[in-house]
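Residues per chain, in single letters:
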There are 2 protein chains.
Amino acid sequence: MNQHQQRICTAPHSKVYTHCNDCRLNSICLPLSLEFSDIDKLDSIVQRGKPLQKGDNLYRSGDPFKAIYAIRSGAIKTWSSSRDGEEKVTGFYLPGEVVGLDGPAENIHINSAIALQTTSVCAIPFDRLEALSRQVPGLQRNLLQLLSREINSDQKQFNLLGRTSAEARVASLLLSVSARYERHQLSAQEFTLPMSRSDMANFLGLTLETVSRVFSSLQKRNIVSANRKDIVITEMLALRALTHKNGDETCR
Amino acid sequence: MNQHQQRICTAPHSKVYTHCNDCRLNSICLPLSLEFSDIDKLDSIVQRGKPLQKGDNLYRSGDPFKAIYAIRSGAIKTWSSSRDGEEKVTGFYLPGEVVGLDGPAENIHINSAIALQTTSVCAIPFDRLEALSRQVPGLQRNLLQLLSREINSDQKQFNLLGRTSAEARVASLLLSVSARYERHQLSAQEFTLPMSRSDMANFLGLTLETVSRVFSSLQKRNIVSANRKDIVITEMLALRALTHKNGDETCR
DNA sequence: CGTTATCTTGAACTTCGTCAACCCCGGTGG
DNA sequence: CCACCGGGGTTGACGAAGTTCAAGATAACG
């Protein structure tokens, strides 16, 4: 069905995937229990635009909701700004993850989304996705799972923001990023953070000074080695132990 | 279609609604842009059980996911417990709201849900809801909206938990409960909180002592009058001003 | 090569958590 | 009917963790 699909542009900085079938992320982005023929149907509605540059907006708060976006490479930050001007980072999204799920509620985007680095995404027009998922039961399920998963990951974030130490928060974020990179055959120990200290701090409900201090402390204790955004986790278990609120004595 | 619907039991403590069509909450629970005939279809799959008593579990973490639940009367608290035994209150749900949206992700419930007072719910079996929403486009939309709305309200919670003062958090919760009761023609100024100080504290990422102190302070300043769970908001605007992080000088 | 953004470090201060005592109120049983 | 008990709530004193303010270091960028 519709093999002559739209191919606006391709990502220059990574291997090119122009079909969902070929995409090495397809087990992650829409964790599809779909038949190949169904994947083709999905594939046919996906729009692959040219990559966003660092600082480009994917959408802004108030924009009409047209599509959800699966990230192929790069990183996206989402944030909301309250009426009193405060900005709050609500999430970081890495390859294989989907942004824009704030849209269906009001048919506009509540949050804004911005590229933290050169980023290419697959835009999936939502009305067409809805129509398609009416025909393909597995896809409807996947779509609902996607939203439910976002709810659960948001609620997991509550654990962090409520009453855990600064150290536990930073450790959790590092481990989260590490685990998410690992799913793509990337190293869980060595990676480059896509976001600034200030973004991390905002996301974690801390000040950037505190985040910086935690990094220094972790480095001094040889748990991680951090050079700005370049991270090496040297003591994975110790880092994990720090996430348990009252970092117990086992790993000190 | 199936007029002889299941009617297991009715809520003894409030007016009885045995059909979605009659239910005064129907504009809220599934904010339905549905035709009457569609509402009947939905109505036919809804199961109305006997009310939960205070302390009864609606579901527990790990339970298989069967249904989502629209609250008719009462109040539900949801919480998750992390591996290190810490419990975190993730939400309070009032009449017209829907719990159980953590389920679709893994087909089990991640959180637990418990009744804070005598509570009656409409159970909506999820597989039948999915099937029905494949036939009724408006319903599919509503379902997606429901999940998306949960995402947005969770993310709004981030604003609170990250870097706002204890006072701002308590004020926000009071205003949230107030607004949610108001939608049912109840007073926005006077109401009874369904949850304990300790639940509030946990939800807000504070200690119960701090919450208690904030209440005392609000009372001393004649902004709210609180007798245990009985609340009277006397200065709505002042209370609202407190939610803006740096409670500016306008309302002090 | 200078300018700017990002990050690090230090010192003083603030807020909230911790620990502990106490109070209030409803329920129970003598 | 009152004493006792226990859960939930309030209040106070103290300390720890993180914020704020300020200065300096390092890397990125035109």
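What you see is a predicted model; the values in this text were computed from it and never measured.

A. The arrangement of the protein's contact with DNA strand D in detail. Around DNA strand D lies a shell of 18 residues, among which Ala166(A), Thr210(A), Arg197(B), Arg213(B) and Ser216(B) are the nearest. Counting only the atoms of DNA strand D within 4 Å of the protein, the fraction contributed by sugar and phosphate is 59%. Here a base oxygen of DNA strand D sits 3.0 Å away from a polar atom, N or O, in the side chain of Arg228(A). One of the side-chain N or O atoms of Ser212(B) is found 2.9 Å from a phosphate oxygen in DNA strand D. Among the elements that take part in the surface near DNA strand D, helix H6 (residues 208–220) of chain B stands out by supplying four residues, more than any other. Of the residues contributing to the surface near DNA strand D, the split by class is two nonpolar, seven polar and nine charged.

B. Spatial organisation of the domain arrangement of chain A. Residues and elements named next belong to chain A. Partitioning chain A into domains gives domain 1 (3–160) and domain 2 (164–242). The distance between the C-alpha centroids of domain 1 and domain 2 comes to 25 Å. On the domain 2 side, the residues contacting the 21 residues of domain 1 number 18 residues. Counting each side, the surface lost to burial between domain 1 and domain 2 is near 1700 Å², with a carbon and sulfur contribution of 56%. Contact with domain 2 buries area across many residues of domain 1, yet Phe92, Leu94 and Leu160 alone supply 38% of it, more than any other trio. Joining domain 1 to domain 2, the criterion identifies two salt bridges. Within the residue set of the side of domain 1 that touches domain 2, elements represented by two or more residues are strand S5 (87–93) and helix H3 (137–161).

C. The interface of chain A and chain B, seen in detail. Contact with chain A, which involves 47 residues of that partner, is made by 46 residues of chain B. Both faces combined, the contact of chain A with chain B buries some 4200 Å², and carbon together with sulfur accounts for 52% of it. Broken down residue by residue, the surface that chain A buries against chain B is led by Arg134(A), Leu144(A) and Phe158(A), which jointly contribute 16%. At the junction of chain A with chain B, the criterion picks out two salt bridges. We note a salt bridge from Arg141(A) to Glu130(B), for which the minimum N-O separation is 2.7 Å. Our count for the contact surface shared by chain A and chain B stands at 21 residue pairs in polar contact (both at pLDDT 80 or more). Sorting the residues of the side of chain A that touches chain B by element identifies S5, helix H2 (126–135) and H3 of chain A as the ones contributing at least two each. Of all the elements, H3(A) adds the most residues to the side of chain A that touches chain B, at 18 residues. Looking at the side of chain A that touches chain B, its residues break down into 15 nonpolar, 18 polar and 14 charged.

D. Highlighting the pairing of strand S5 (residues 87–93) of chain B. All names here are of chain B. In terms of residue burial, S5 counts as a mostly covered element, since six of its seven residues are buried. In this structure, strand S4 (residues 76–81) lies alongside S5, joined through six bridges in antiparallel fashion. Counterpart to Ser81 in the pairing with S5 is Glu87. The hairpin formed by S4 and S5 contains five residues between the paired strands, and Gly85 there has a positive phi angle of roughly 85°.

Calculation notes
Sequence positions are assigned chain by chain, starting from 1 and proceeding in written order. Ligands are numbered from 1 and chains lettered from A, in the order in which they are written. Confidence filtering applies because this is a predicted model: local features only for residues at pLDDT of at least 70, side-chain atom pairs given and counted only at 80 or more, and all residues used for totals across whole chains, interfaces and linings. Hydrogens and water molecules were not included; the side-chain quantities draw on all heavy atoms of the structure. We define proximity as follows: a residue is near a molecule or strand when any one of its heavy atoms falls within 4 Å of that partner. The term polar contact refers here to a pair of N or O atoms within 3.5 Å; inside protein, the definition further demands a hydrogen-donor-capable atom paired with an acceptor-capable atom, and it admits residues adjacent in sequence only when both atoms are side-chain atoms. A run of DSSP states H or I qualifies as a helix once it reaches four residues; a run of E qualifies as a strand once it reaches two. Both are numbered from the N-terminal end. Each residue is assigned to one class: nonpolar for Ala, Val, Leu, Ile, Met, Phe, Trp, Tyr, Cys and Pro, charged for Asp, Glu, Lys and Arg, and polar for all the others, Gly among them. How far each domain reaches was decided by an automatic or database domain assignment. Contact definition: two residues touch when any of their heavy atoms are within 4.5 Å. The term buried area refers to how much accessible surface (probe radius 1.4 Å) is lost by two components on association, counted for both of them together. Definition used for salt bridges: Asp or Glu carboxyl oxygen within 4 Å of a side-chain nitrogen of Lys or Arg. Between buried and exposed lies partly exposed: a residue is buried under 20% and exposed over 50% of the maximum accessible area for its type, with that area taken using a 1.4 Å probe on protein chains only. Only strands that DSSP links by at least two bridges are regarded as paired with each other.

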